[in-house]
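Breakdown of the fold
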Amino acid sequence: MPGGNRCTRPRLIGWLCGLRIIYTAVLHPLAYHYNRAGIHQEGLHYALAAANDARDIFSNQEAVELYNLAEAHLPALGKGRR
């Protein structure tokens, strides 16, 4: 059927965008909690992922805060400034 995907494409895009919102909403709390627990490898991973997502949706203040949170894990991982 020609054009049979016309109806499903907008639904698919909406579904994917919804996943992005859920994913972004989960990353920030995970980054925060791993930071508070002192679990640095996972904290760095989630803080960077959350910061990148915040940057991608132009939430610049949140992105800066999360990049700073990610940077705070580096000394504990032996990757601080030299």
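Cut-offs used in this document
Residues numbered from 1 in each chain as written. Predicted model: local features only at pLDDT ≥ 70, side-chain atom pairs only at ≥ 80, totals over all residues. Heavy atoms only, no water. Helix = DSSP H or I, 4+ residues; strand = E, 2+ residues; numbered from the N terminus. Buried < 20%, exposed > 50% of the residue type's maximum accessible area, 1.4 Å probe, protein only. Salt bridge = Lys/Arg side-chain N within 4 Å of Asp/Glu carboxyl O. pLDDT = per-residue confidence, 0-100. Contact = heavy atoms within 4.5 Å.

Re unusual backbone geometry
One non-glycine residue, F58, adopts positive backbone phi at about 60 degrees. As for its position among the elements, F58 is in the loop between helix 2 (40–56) and helix 3 (60–73). Its relative accessible area of 70% is what places F58 among the exposed residues.

Concerning the pattern of salt bridges
Under the criterion given, the structure shown has 1 salt bridge. For D56, the salt bridge goes to R55, with nearest N and O atoms at 3.0 Å.

Digging into the environment of E71
Mapped onto the elements of the fold, E71 is located in helix 3. Taking the C-alpha atoms as reference points, E71 and L44, 27 residues apart in sequence, are found 7.6 Å from one another.

Some points on the confidence of the model for the protein
Predicted confidence across the protein gives a mean pLDDT of 80, with 68% of residues reaching 70 or more. Of all helices and strands in the protein, the one with the weakest mean pLDDT is helix 1 (residues 8–37) (73), whereas helix 3 scores best (95). Note that residues 1–7 has pLDDT below 50 and, in this model, 0 contacts with residues that lie over four places away or in other chains.

Examining the side chain of H73
Looking at the secondary structure, you find H73 in helix 3. Setting aside chain neighbours within four positions, we find H73 in contact with Y34, N35, I39, H40, G43 and L44.

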